[in-house]
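Architecture at a glance
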Amino acid sequence: MPGDFRARRGDVIFDDLRAIQLRHGFLPKAELEGLSQRTQTPLYQIHSVASFYPHFHLVPPPKAQIRVCADMSCHLNGACELRADLERRFAGSRAGEVQIRNVSCLGRCDHAPAVSINDQIFTDVTAARAEQIARSAVRGDDIREPHPEQVRVTCKADPYGEAEKYGVVRKLVQSRAWDDVLARLKAAELRGMGGAGFPTSMKWDLVRKQPDRVKYVVCNADESEPGTIKDRFIMTHLPHLVIEGMIIAGLVTGAKRGIVYIRHEYHLQEEILGEEIRRCYRAGLLGKTILGSDLGYDLEMFVSPGGYICGEESALIEAIEGHRAEPRNKPPFPGQVGLWQKPTVINNVETFINVPQILARGVDSFIAQGSNGSRGLKFVGVSGHVARPGIFEVPMGTPLREVIFNHAGGIRGGRQVKAFAPSGPSSGYLPASMVDVRLDFKALADAGSMLGSGAIVVCDDTTCMLDMALNAVRFYRNESCGKCVPCRVGSQKMADLLARWTQGGVPEPQYRADLALLDDLAQAMSQTSICGLGQIAPAPIQSVLKHFRAEIDAHVLRGQCPSGICFTAASRAGEAQRVGIRP
Amino acid sequence: MTTATTPPGMIDVTIDGRAVRVPAGTSVFDAARMNGIAIPTLCHLQNQTPVGVCRLCVVDTGARVLSASCVRPVEPGMKVSTDSEKVLNARKTLLELLMSDHPSPCARQEQSGDCELETLAKAAGILESGFQKRTVARGHDDSSLAIAVDHDACILCDRCIRGCDEVKNNFVLGRMGKGYSAGIAFDLNSSMGDSTCISCGECMVSCPTGALTNKGVVGTAIAVGPGAEGFEAEDLLKIPVFKGVSGTFLELNRGAVVKRRFRQGEIVCREGEFGSTAFYILEGKAKVSISTPIAHVRTQGGAKGLFKRLTSTLVAREDDKREEETRDRTIPIDAPVDLAYGNPVAELGPGDLFGEMTCMNFYPRSATVIAESDVIAYEMLRNVLDIMLKNKTFRAQLDETYRRRALENHLRGVPMFADLSPEFIDYLKGSVELQRFAPGQVIVQQGEAADSFYLVRIGFVKVSENYPGGELVLAYLSRGDYFGEIGLLGGGVRTATCTALDHVELVRISGNDFREMVGRFPGVRTGLEAIAAERRAANQQRMQMVDSVPIGQFLSQGLMEAQSLLILDLQNCTRCDACVNACADAHDGITRLVRDGLRFDRYLVATSCRQCRDPLCMVGCPVGAIRRRNSLEVIIEDWCIGCGLCARNCPYGNINLHPFEVMAEDPEHAGRKKAVIQQKATSCDLCTHLKEPSCVYACPHDAAHRVDPKTFFAEMLGQGSVK
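Residues numbered from 1 in each chain as written. Chains lettered and ligands numbered in written order. Predicted model: local features only at pLDDT ≥ 70, side-chain atom pairs only at ≥ 80, totals over all residues.

**Some remarks on the overall build of chain B**
Counting its secondary structure elements, chain B contains 21 helices and 39 strands. Expressed as a percentage of the 723 residues in chain B, the buried residues total 47%. Within chain B, counting contacts between residues at least 6 apart in sequence, those at least 24 apart form 70% of the total. (Helix = DSSP H or I, 4+ residues; strand = E, 2+ residues; numbered from the N terminus. Buried ≥ 20, exposed ≤ 12 C-beta atoms within 10 Å, placed from the backbone. Contact = placed C-beta atoms within 7 Å.)

Shown next, in the form of structure tokens:
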């Protein structure tokens, strides 16, 4: 149809926009008009995309753009105070020089607080250091730092050790026992490790059965949920298993092309995986003829233009297609109608590495790696108020007490656990009394939480749980794509309501009405939102209402914060900074 | 349940307990509707692809979460509940969320009572939302002539986007931003009026709320009567220029366009009349002319004392040559032709559009149009004209007519361009660009690189300079005026900002063409350089003056604007009114002076022309007949049509209309003349025909003075001396 732009492949748009931004530091109107002419893309479409992703600047950025991570682990580690301190340090600076904003989780929860300055990430940051870096940026100095030296950590999940890698692919190309692969994954009961826990064999089988000639495999390496850092670790230390898992998925389902969708804050992992992909091409493991066979498979990287919502599988597909990352209505699921309308396997990084592990070691040994009746291993990120935050490889079924106290060294400063989130804000908060819950799909679901992505965030006894619930809902509000009403409007109204509670002085009848309203809102959001983001957004406050109700009552009715976090001058100042929706 | 009896291609489902059979692929929403079960929705329209974003149409299919029925295909054996308590509660909460941010009653609710959100909310019993309201307003956009945009009423249902995109294939509208700050945007977030929107109206017709509403032209439907037939929307859609416009939109604007038949000799419009319509001639020929005598008011000196005679007469410039009247110029009118000074008559024919300025900017008619043969024309209001002007083909046709008929006159109207060779004029006719600007739109920005020269074709352009604490108006430019030469001849940077005051159309000569022109025709360069130097000097002087005047009462009274004031020293003035009488005596009994006005210190600043520095009187003259001499005296050109707009625009009431009885052609009886009253604008002429202004001369108490305020008030303003 003449004039119909829709048929156009939109993915070139990000490359074009990035090129323009590289030249000018932002996206000048005249350039966008030129791009529109050149590519026959309507102006509105360029703007709708450019204004959606935080990566793109529509106006010239300041010389130093400081973005303080505001989410969970950084929040627990003084991000608010850090930002306030930075505001004071740069109070007199000129407009256009320094701008201080909050940013959503940068994926450095084990080294909180994290700060991004001109898109370079700095961890374990003090105000003094951030100031120093920002001042260099204002002077125009290069603030980039070399990647720290990486020592490959040996993981139990690696079936190869020092032996030749990609053994499973080598065998499969010979045996072509595709059905056997599916059967083994089914026997191992491998489930998605990104959060939803969908059985992998069912997903692959669905794609395999689609009659389409063109299919795709996508690796979701966009982990962006506060606390979630395990994929960063896996990609750093087990890149070959990620690639092998994706090749196997392609071989089994008949997809000839795979894409690793990685968040743009993971530069190092982008390099490591890129290098691994090149190595595979050189070794004949990727390309038109895998190991000389008639089987072909190409693999490439796609760097996300940013946003938590891109981790939602259909939003991720939209992003690859060059659109706003707005989740699709389902059904149909990506397994039937996915990337470029073709059947698509989308799995998490950790799911992919489990595949060669199961196939190399056998189902039984995989299962045996778990404990207390659970199967396999799990990578978990532990952050917050623990002594040794980090990423740990533990058997499934390990009690969280063991993870928190043995692996992560317990609570910093000898304090007590007050609460913990088994998997970021989405899992809600469980009280210290439940710390013996096991790391297992069912056990955590029974506890009213979820295994999710294994992003364990621990709060000590100085934490205000209402503050944490507000922090979580603000994260969802900031990251809502805005497509559907319940999430777009609901997340803002929920944040408004909780912010009002933290101010105290609400009369009891009003509080009762608020509670009923919150309940209705939570129902509407979880029942009618298009995707998981809106559906799960009420979880943190619901869990806090369930386990820490007295603390909320104290705030709302008596204007007291038992932890002394709210109602302080610092908290009010922080509140003032948060007016508006991009904090 | 799909059973053995289900025909192929059909699916059996149960909706609210009723067994329903529908074709495979049907959405639950449609399946319900086909069976008489209405599911509420805000984002779904039958002629658009469903997107499932408002979520109001959710139903319970027994799955983990509710499903949006507009995007959920039926499946065999599906059991759907459209009105369970769970569903109704969720819907109610969604409506409550939307209502908490909705500016109720919104424009649509006020206009036609059919805001879909407010209707649904009312039906659900939502009177007040328990949620907090939006704290930061998203704003209005009034830049489009046809459609008003209220972003606060937008619920992001995407109906406008799909209307623009998939229904009309115009590709102008989209979502912008993310999350709660998301909104709709035109192009790269331009205002609607500045965007590539063609005003087809589909977005407005698709909008469920007051976010996009029809502006209409309030209370000005064109009268339909004998000789004027209204249109039904479907008739209009058959006219090529309306192809692609939404039928419903035209329906809403019914009465904004009529087809008129004029008999031979019938008057289509009269100069000086206020109006709001433009005409587009389909058939026949019309004569456009100015019937007011081409002459100005002259006050004769000498006759004083008891035997006063009427001393003001109408004289043409041959008999009373005034400063700077060395060349014949054309009279700019609101039509694709200009009139010659000596013979202000021209012909209009099929394809000609006239009355554009009257229609767009509500200026008085600039000339009289009489049907020479039987004429058939569309007469339209602003919103319809806007739709037509946004049609690329029509626009090209108009531009072509303009290039052919009037552009040469306009180019030659610039005095310095007289030397251009005919070949170069021909070249320019093809190479210039015709541009349009909406009110308030910046044409050139001070400090930007200068890359073109502009000639004003329609409307008024404000020239201003940045000044600490605001902007300073340097000049108003109207049809035939030009700007941009200072930047091109000088440092290559714009020295002032030029803004469209109203609907403005410009002729743009590119920097390259301009440089070639001044290179090849040295006369043009000399002339333009002289003018540029003059403008620069005047601007500089003005800036200095502003620097030296303390801000305060003096400024707030507008006295700073004045270059010459009649002041009455109240300590000496006995209120005898001799000055007023003397003024009347000197001007045929019509005083141009009123002994009333603003007070500053012990002086009364009498109401008489202040020769303002920001001459608001000059904005809007439909024939460009008001200008200033270098002495800054306001001068009314011979072709003033007496419409009175300048008199209304003068903030100080200092322009009057002077009636004259003249013989004019009788429109009722061709060839015969009859006496009619015609008006001419006049302002204080400083009694230039006398040695001293008569008011000052007449004052028996030495209380009246004509002064330059800066010099006179210098001491009071705390300055030593001011030039």
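**Quick notes on the overall build of chain A**
Along its length, chain A carries 24 helices and 13 strands. When its C-alpha atoms are laid out on the principal axes, chain A stretches across 70 × 60 × 45 Å. The 583 residues of chain A split such that 54% are buried. The contacts of chain A with a sequence gap of at least 6 include a subset with a gap of at least 24, amounting to 72%.

**Regarding the interface of chain B and chain A**
Residue-level contacts link 40 residues of chain B with 44 residues of chain A. Those elements that provide at least two residues to the side of chain B that touches chain A are helix H2 (85–100), strand E8 (173–176) and strand E9 (183–186) of chain B. With 7 residues, H2 of chain B is the single largest residue contributor to the side of chain B that touches chain A. Looking at the side of chain B that touches chain A, its residues break down into 23 nonpolar, 12 polar and 5 charged. (Nonpolar A, V, L, I, M, F, W, Y, C, P; charged D, E, K, R; others polar.)

**Quick word on the sheet that holds strand E10 (residues 390–395) of chain A**
All names here are of chain A. If you walk across this open sheet you meet the 5 strands as E10-E9-E13-E11-E12, and the pairing is mixed. Bordering the open sheet on either side are E10 and strand E12 (430–431), each of which pairs with just one other strand. With 6 bridges connecting them, strand E9 (residues 377–384) and E10 associate as antiparallel partners. Residue pairing in the sheet places Phe379 in a bridge with Glu393 of E10. (Pairing = 2+ DSSP bridges.)

**Observations concerning helix H12 (residues 267–282) of chain A**
Residues and elements named next belong to chain A. Here H12 is 16 residues long and its end C-alpha atoms lie 23 Å apart, about the 22 Å a rise of 1.5 Å per residue gives. When we look at burial in H12, the residues that qualify are Gln269, Ile272, Leu273, Glu276, Ile277 and Cys280. One side of H12 holds all its buried residues, which, seen down the axis, span an arc of 135°. Facing away from the buried surface of H12 by more than 90 degrees, the exposed residues are Glu271, Glu275, Arg278 and Arg282. The secondary structure elements touched by the buried residues of H12 are helix H10 (230–237), helix H11 (239–253), strand E6 (257–262) and strand E7 (298–303). Just downstream of H12, Gly284 is the residue with a positive phi angle, here 75°. (Expected span 1.5 Å × (residues − 1). Arc of directions from axis to C-beta.)

**Some remarks on the confidence of the model for chain A**
Residues and elements named next belong to chain A. Confidence in the prediction for chain A averages 92 pLDDT; 95% of positions are at 70 or higher. Below pLDDT 50 for its whole length, residues 1–9 participates in 9 contacts with residues either more than four positions away or in separate chains. The low-confidence segment residues 578–583 (pLDDT under 50) makes 14 contacts with residues lying over four places distant or belonging to another chain. (pLDDT = per-residue confidence, 0-100.)

**Regarding the packing of H10 of chain A against H12 of chain A**
Residue and element names in this part refer to chain A. Viewed as axis vectors pointing N to C, H10 and H12 meet at an angle of 35°, and their least axial separation amounts to 8 Å. In the packing of H10 onto H12, the handedness of the crossing is left-handed. Contacts from Arg232, Met235 and Thr236 in H10 reach Leu268, Gln269, Ile272 and Leu273 in H12. For the contact of H10 with H12, a count of residues per class yields 4 nonpolar, 2 polar and 1 charged. (Axes fitted to C-alpha atoms, helices over the stretch in contact; angles between N-to-C directions. Left-handed = near helix turned anticlockwise from the far one by under 90°.)

**Overview of the sheet that holds strand E31 (residues 504–510) of chain B**
Residue and element names in this part refer to chain B. Strand order in the open sheet formed by 4 strands is E24-E31-E26-E29, with antiparallel pairing between adjacent strands. This sheet does not close on itself; its edge strands, each paired only once, are strand E24 (433–437) and strand E29 (482–483). One ladder, built from 5 bridges, connects E24 with E31; its direction is antiparallel. Following the sheet pairing, Glu433 is matched in E31 by Arg508. Contacts between helix H15 (residues 511–520) and the sheet are confined to strand E26 (452–458) and E31, with E31 contributing the most and set at about 65° to the helix.

**So, the nonpolar core**
Formed by 358 residues in total, the largest nonpolar core has its most connected members in Val242, Phe420 and Ile456 of chain A together with Val461 of chain B. Residue contacts for Val242 of chain A: discarding those within four places in its chain leaves Cys219, Ile234, Met235, Leu273, Val349, Phe352 and Ile353 of chain A. By size, the runner-up hydrophobic cluster in this structure holds 22 residues, among which are Leu565, Leu566, Ala586 and Cys695 of chain B. (Core = buried A, V, L, I, M, F, W, Y, C linked by C-beta atoms within 7 Å.)

**Regarding the packing of helix H19 (residues 485–503) of chain A against H2 of chain B**
Taken N-terminus to C-terminus, the directions of H19 of chain A and H2 of chain B make an angle of 65°; their axes are 10 Å apart at the nearest point. Crossing of H19 of chain A against H2 of chain B: the hand is left-handed. Of the residues in H2 of chain B, those in contact with Val485, Pro486, Val489, Gly490 and Lys493 of chain A of H19 of chain A are Leu94, Leu97, Leu98 and Ser100 of chain B. Looking at the contact of H19 of chain A with H2 of chain B residue by residue, the classes come out as 6 nonpolar, 2 polar and 1 charged.

**A few points about unusual backbone geometry**
For the bond running from Pro331 of chain A to Pro332 of chain A, omega is 0°, close enough to zero to count as cis. For Pro332 of chain A, the position within the fold is in the loop between helix H13 (313–320) and strand E8 (344–348). With an omega dihedral of -10°, the bond running from Ser104 of chain B to Pro105 of chain B counts as a cis peptide bond. Mapping Pro105 of chain B onto the fold places it in the loop between H2 and helix H3 (107–112). In this model, Gln40 of chain A sits at a positive phi of 55°, which is unusual for a non-glycine residue. One can find Gln40 of chain A in the loop between helix H2 (29–39) and helix H3 (43–50). You can call Gln40 of chain A exposed: it has 9 C-beta atoms within 10 Å. Residue Asp16 of chain B is not a glycine yet carries a positive backbone phi of 50°.

**Some details on the environment of Ala182 of chain B**
Assignment of secondary structure puts Ala182 of chain B in the loop between E8 and E9. With 24 C-beta atoms packed within 10 Å, Ala182 of chain B lands in the buried category. Ala182 of chain B sits 85 residues away from Ile267 of chain B along the chain, and the two C-alpha atoms are 53 Å apart. Once residues within four sequence positions are removed from consideration, Ala182 of chain B is found in contact with Gly482 and Arg488 of chain A together with Leu156, Arg175, Met176 and Gly177 of chain B.

**Some details on the domain arrangement of chain A**
Residues and elements named next belong to chain A. Taken as a whole, chain A is organised into domain 1 (64–139), domain 2 (167–361), domain 3 (369–460) and domain 4 (473–577). Relative to domain 3, the C-alpha centre of domain 1 lies at a distance of 28 Å. Across the boundary between the two partners, domain 1 contributes 6 residues, which contact 11 residues of domain 3. Split into classes, the residues belonging to the side of domain 1 that touches domain 3 amount to 4 nonpolar, 1 polar and 1 charged. (Domains from an automatic or database assignment.)

**Points about the environment of Val74 of chain B**
All names here are of chain B. Residue placement: Val74 occurs in the loop between strand E4 (67–68) and strand E5 (79–80). Accessibility expressed as a C-beta count within 10 Å gives 27 for Val74, which makes it buried. The spacing of Val74 and Phe453 is 379 residues in sequence and 64 Å in space, taken between C-alpha atoms. Ignoring anything within four residues of it in the chain, the contact list for Val74 reads Ile11, Val13, Val22, Thr26, Val28 and Ala31.

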